[in-house]
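# Per-entry structural report
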Protein chains: 2
Amino acid sequence: MTQTTLMKECQNGIVGETIKAVAEAEKIDPEKLCSLVAKGLVTIPKNANRDTLPTGIGKFMRTKINANIGTSRDYIDAEDEISKAKIAVQYGAGAIMDLSTGGDLDAIRKQILSEISVPVGTVPLYDAAATAPMVVEMTADDMFNAVRRHAEQGVDFVTVHAGINQNTVDKLMKAGRITDVVSRGGSFTVAWMSHNDAENPFYAEFDYLLEIAQEYDVTLSLGDGMRPGCIHDAADAPMFEEILVLGELVKRSREAFVQTFVEGPGHVPLDKIEMSVKFMKETCHDAPLYLLGPIVTDIAPGFDHITSAIGGSVAGAAGTDFLCMVSPSEHLALPTADDIKVGMQVAQIAAHATDLVKEGVRDRAKERDDAMGFARKNLDWEMQYSLAIDPEHARAVREARSSGSDTEACSMCGDLCAMKIVERELEKGRQKAAIKKNDL
Amino acid sequence: MTQTTLMKECQNGIVGETIKAVAEAEKIDPEKLCSLVAKGLVTIPKNANRDTLPTGIGKFMRTKINANIGTSRDYIDAEDEISKAKIAVQYGAGAIMDLSTGGDLDAIRKQILSEISVPVGTVPLYDAAATAPMVVEMTADDMFNAVRRHAEQGVDFVTVHAGINQNTVDKLMKAGRITDVVSRGGSFTVAWMSHNDAENPFYAEFDYLLEIAQEYDVTLSLGDGMRPGCIHDAADAPMFEEILVLGELVKRSREAFVQTFVEGPGHVPLDKIEMSVKFMKETCHDAPLYLLGPIVTDIAPGFDHITSAIGGSVAGAAGTDFLCMVSPSEHLALPTADDIKVGMQVAQIAAHATDLVKEGVRDRAKERDDAMGFARKNLDWEMQYSLAIDPEHARAVREARSSGSDTEACSMCGDLCAMKIVERELEKGRQKAAIKKNDL
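Summary of the structure given here. (Residues numbered from 1 in each chain as written. Chains lettered and ligands numbered in written order. Predicted model: local features only at pLDDT ≥ 70, side-chain atom pairs only at ≥ 80, totals over all residues. Heavy atoms only, no water.)

### Considering the overall build of chain A
Regarding its fold elements, chain A presents 19 helices and 10 strands. Here the C-alpha atoms of chain A give a radius of gyration of 24 Å, agreeing with the 22 Å that 2.2 N^0.38 yields for 440 residues. Dimensions of chain A, computed from C-alpha atoms along their principal axes, come out at roughly 90 × 50 × 40 Å. Sorting the 440 residues of chain A into buried and exposed places 64% on the buried side. Within chain A, counting contacts between residues at least 6 apart in sequence, those at least 24 apart form 73% of the total. When the accessible surface of chain A is split by element, carbon and sulfur atoms take 49% of a total near 15200 Å². Here chain A holds 46 positive side-chain charges and 67 negative ones, and the gap between their average locations is 8 Å. (Helix = DSSP H or I, 4+ residues; strand = E, 2+ residues; numbered from the N terminus. Rg over C-alpha atoms; globule rule 2.2 N^0.38 Å. Buried < 20%, exposed > 50% of the residue type's maximum accessible area, 1.4 Å probe, protein only. Contact = heavy atoms within 4.5 Å. Areas by Shrake-Rupley, 256 points an atom, 1.4 Å probe, with all protein chains shown as cover. Lys, Arg positive; Asp, Glu negative; His and termini not counted. Charge placed at Lys NZ, Arg CZ, Asp CG, Glu CD.)

See the structure below:
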């Protein structure tokens, strides 16, 4: 374990190229960023073997979005998944996770690593499980070897469900959940532990994981295998127990100079999101948080990009740093390319809404909204389009129903436009006031 | 002023048909509902002249959604607007507002009142303004006559921008807003006051408004003419000043046995929504709150059904009772029928997410989510579709990419389905535990 890591460099006060690049992108002082990375408050996933375009995740960083792509056993079209990853990056993804389980997994992963510039994450356990004859027949070696293989190949961050142990499983058995375990990695781990009557290898031998991570400077995404899969199961003992364990693992990772972020729920009702996020920040020592959702109701399959944007915004405002794009097909099917585009646009809205209230970021984020406010006041439609999340879409909506009698206003109000009517009169009022003042 | 009103009846402890119908729909004790209406904590808009299917809005009531429809000067197709109203009701609208400004306004309104069963609201000021040669040339009589005409015709609730007065306008002039006034009724009012150098008639002669409202038992929707039109302008002095005035008007309305709800913003960043809603509830004496949005960022024209679902959910969790559907065309164009459908579906998600955390409502709301959780655990797809916001849509998404090898699971995970893997193993574990127990 002689390899240096970004975190170790930062602890030694070395401001390298990666720090400089992220500092510039985030408009933050490089020394300050260096200190945040040193403490583990900002994570910049970047494998030592890969020339990743670095992304900063955490305190004072803009809210980032990850997009999941990947083949399944029934849909093995690597090109299709690569093209989805590219669409996700085009629409603002700051990271891509390859969750492939079907086809030549090594080949797909290598292709993604070579064609995508942003950080790439994987769940090595999927690889180990998909390769084994049965999930429960993996060996502990299979699991660690998958991590090492991904790390060697240049993967920037790996999800490891290391927070699941016998204690978490005990709590799960007593919890009275409806959907038990919905995290795929969590289900593999729990099934493996139950079948083999053994402790979770990633928990039992976490130091070995840290060795691999340190060797390649791979970031650990500490997975939430106990994340609730429905509103009923939200914010219960197994979830919190796992988070407490993750808090310990964050500390051990930092001691080994390995960067981390912590994954979070899941399906959570509106009134438990802020508490859950603050609990995670508190018990995980302010590690950057990475949330899937949270989804605020179970009843909207086909619209879970929206249930997730709602929960993601609330979670973002409470301190979440990294959002996982949820596609409109979530809970129903593997996403199409168009699902990825729409999912990313909606996730961008949640991320930007978060940035508008995030310390150290809000002033920058607000500039775009203020420009939109001025463009609206001036009825400057071209400027409005250029500032919009999707300029082409905004233009198409308006032009399909553009007003005949008044090209400045829109078809909603026509000549009864609030902006025009009030400005005309307020301007007169301001002039009158100015004249009076001059008269005095 | 001899006409009795629902509020007066309730204060006299009379549990009439309207109260019984709403109590049954809301699964609440009729006596309790009667007392809530008596205090103004629940509003049931229902014109004495109209056989409205009543909707309860406020404390212990499910979160309701209003949909705005109406012609503009450039798009005068009454049938089209009626059909949009019907689509909105089909997709869950608990009220419809007719905001028409083009064509034969009386005829359109009468047709809506006769063809729509849920409560219908209007903004009589639009009518007065659209009929006058110039907005600023309306007379005060025109304004009150429009209210009376709508009330006679059976309109259940009218928005009146009675909270704008010289003091609010003074605060507006000093506020340094980017978009000044974006409420259409607010802009007409401010322009009228400025042009005529006179107090807002609806404020100055609020008692006369109350007389009309009492005569027909019309509910007053106390409009927020100063609602912010961009993130920059959110939560500032003119808005709060107007709300303080609305609080006074709520009291005066209750004294006249006239039901009210209070309208709210607008464009509000995530960190100011809860405070704004709680301020409104506090200063408006817990009157039911009716919010347009709030929209949590300005940069998403074409997606404002989503920015609004985010804000509406946060506002709902903070105490908002009545959400206004915002269509995907908001800020760009008059909505199409499909915009209304999508806007309503997304608003339904926000309303249901709110109901999951609303006192007196959450247990009922949660039943549907729990049933979905069980359906997911059981991989019962037909049940999942039947519980979904849009069953046909959910089915179409899954069936377009349904898994070949395993019809139970979906194309996301195929045979690596978390639900199946973990259940199999947990079941074995439970059996082992049961055997051990029997051995003892």
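There is more to say after this.
### Here's the deal with the relation of the copies chain A and chain B
Mapping chain A onto chain B is achieved by rotating through 180 degrees and translating by 0.0 Å along the same axis, at an RMSD of 0.1 Å. Look at the turn and shift together and you get a two-fold axis relating the two. Within chain A, Ile310 of chain A has its C-alpha nearest the rotation axis, a separation of 2.3 Å. A shared interface surface links the copies, since 100% of the contact residues of chain A are contact residues in chain B too. (Least-squares fit on C-alpha atoms with pLDDT ≥ 70 in both.)

### So, the sheet that holds strand β4 (residues 95-98) of chain A
Residues and elements named next belong to chain A. Sheet architecture is closed into a barrel: eight strands sit in the order β3-β4-β5-β6-β7-β8-β9-β10, paired in parallel fashion. Averaged over all pairs of adjacent strands, the angle between strand axes in this sheet comes to 25 degrees, irrespective of strand direction. Bridging between strand β8 (residues 260-264) and strand β9 (residues 289-292) involves three bridges; their strand directions are parallel. Paired with Val262 across the bridge in β9 is Leu289. (Pairing = 2+ DSSP bridges. Axes fitted to C-alpha atoms, helices over the stretch in contact; angles between N-to-C directions.)

### Considering the packing of aromatic side chains
Scanning the entire structure with this criterion turns up 18 aromatic pairs over all chains. Arranged with centres 5.2 Å apart and planes meeting at 85 degrees, the rings of Phe144 of chain A and Phe202 of chain A form a pair that is edge-to-face. Of the two residues, Phe144 of chain A sits in helix α7 (residues 140-153) while Phe202 of chain A sits in helix α10 (residues 201-204), which places them 58 residues apart along the sequence. Residue Phe144 of chain A is classed as buried on the basis of its relative accessible area of 2%. Seen in terms of ring centroids, Phe261 of chain B and Phe322 of chain B are 5.3 Å apart; in terms of plane orientation they differ by 75 degrees. Their pairing is edge-to-face. Taken together, the residues Phe261 of chain B in strand β8 (residues 260-264) and Phe322 of chain B in strand β10 (residues 322-324) connect sequence positions 61 residues apart. A relative accessible area of 1% places Phe322 of chain B in the buried class. Clustering of aromatic rings is evident, with ring pairs tying together Phe157, Phe261, Tyr290 and Phe322 of chain A. Its end group placed over the ring of Trp381 of chain A, Arg398 of chain A keeps NZ or CZ at 3.8 Å from the ring centre. The positively charged end of Lys32 of chain B is found above the aromatic ring belonging to Phe60 of chain B, 4.4 Å away from the centroid. (Phe/Tyr/Trp six-rings, centres within 6.5 Å; stacked < 30°, edge-to-face > 60°. Lys NZ or Arg CZ within 6 Å of the ring centre and 35° of its normal.)

### What about the packing of helix α14 (residues 304-318) of chain A against helix α14 (residues 304-318) of chain B?
The interhelical angle for the contact between α14 of chain A and α14 of chain B, taken along N-to-C directions, is 55 degrees, at an axis separation of 9 Å. When the axis of α14 of chain A is compared with that of α14 of chain B, the two are oblique. Here α14 of chain A and α14 of chain B pass one another in a crossing that is right-handed. Contact with α14 of chain A, carried on its side by Ile306, Ala309, Ile310, Ser313 and Val314 of chain A, involves Ile306, Ala309, Ile310, Ser313 and Val314 of chain B of α14 of chain B and no other residues of that element. Across the contact of α14 of chain A with α14 of chain B, the residue classes break down as eight nonpolar, two polar and no charged. (Parallel < 35°, antiparallel > 145°, perpendicular 65-115°, else oblique. Left-handed = near helix turned anticlockwise from the far one by under 90°. Nonpolar A, V, L, I, M, F, W, Y, C, P; charged D, E, K, R; others polar.)

### Looking at the pattern of salt bridges
All names here are of chain A. Counted by the stated rule, this structure contains 52 salt bridges over all chains. Salt-bridge contacts for Lys171 lead to Glu241; the nearest nitrogen and oxygen are separated by 3.5 Å. Of this pair, Lys171 sits in helix α8 (residues 166-174) while Glu241 sits in helix α12 (residues 237-255), and the two are 70 residues apart along the sequence. On the accessibility criterion, Lys171 (29% relative accessible area) is partly exposed. The salt bridge involving Asp224 is made with Arg227; its shortest N-O contact spans 3.5 Å. The exposure class of Arg227 is buried, given its relative accessible area of 15%. Several salt bridges share partner residues, and in doing so they unite Glu26, Arg62, Lys64 and Arg364 into one network. (Salt bridge = Lys/Arg side-chain N within 4 Å of Asp/Glu carboxyl O.)

### What about the state of the cysteines?
Residues and elements named next belong to chain A. All told, the structure shown has zero disulfides over all chains when counted by the stated rule. Summary of cysteine pairing: Cys284 is not part of a disulfide, and the nearest cysteine sulfur, belonging to Cys324, is at 18 Å. In this structure Cys324 comes out as buried when scored by relative accessible area, which is 6%. (Disulfide = S-S within 2.5 Å.)

### A word on helix α7 (residues 140-153) of chain B
All names here are of chain B. Over its 14 residues, α7 extends 20 Å from the first C-alpha to the last, a length consistent with the 20 Å expected when each residue adds 1.5 Å. Along α7, the residues that are buried comprise Met143, Phe144, Ala146, Val147, His150, Ala151 and Gln153. Following α7 by one or two positions, Gly154 adopts a phi angle in the positive range, close to 110 degrees. (Expected span 1.5 Å × (residues − 1).)

### Regarding the interface of chain A and chain B
Each partner contributes residues to the interface: chain A has 107 residues there, and chain B has 107 residues. At the boundary of chain A with chain B, total buried surface from both sides reaches about 9000 Å², with 67% on carbon and sulfur atoms. Area buried by chain A at its contact with chain B is led by Ile299, Met412 and Leu416 of chain A, which between them contribute 9% of it. Scanning the region where chain A abuts chain B turns up 22 residue pairs in polar contact (both at pLDDT 80 or more). Here the side of chain A that touches chain B gets 11 residues from one element, more than from any other, and that element is helix α19 (residues 418-439) of chain A. Residues of the side of chain A that touches chain B, tallied by class, amount to 53 nonpolar, 29 polar and 25 charged. (Buried area = accessible area lost by both parts, 1.4 Å probe. Polar contact = N/O pair within 3.5 Å; in protein donor to acceptor, adjacent residues only side chain to side chain.)

### Description of the environment of Cys410 of chain B
Within the secondary structure, Cys410 of chain B is located in the loop between α18 (391-400) and α19 (418-439). Between the C-alpha atoms of Cys410 of chain B and Trp381 of chain B, which are 29 residues apart in sequence, the distance is 9.6 Å.

### Some details on α14 of chain B
Residues and elements named next belong to chain B. The terminal C-alpha atoms of α14 lie 20 Å apart, and with 15 residues this matches the ideal 21 Å at 1.5 Å per residue to within 8%. Here α14 lies mainly inside the structure; 14 of its 15 residues are buried. The positive-phi residue at the C-terminal boundary of α14 is Gly319, with phi of around 130 degrees.

### Examining unusual backbone geometry
Residue and element names in this part refer to chain A. With an omega of 5 degrees, the peptide bond running from Pro265 to Gly266 counts as cis. Looking at where Gly266 falls in the secondary structure, it is placed in the loop between β8 and α13 (270-283). If you check the backbone angles, Leu379 has positive phi at about 50 degrees while not being a glycine. Within the secondary structure, Leu379 sits in the loop between α16 (362-377) and α17 (381-387).

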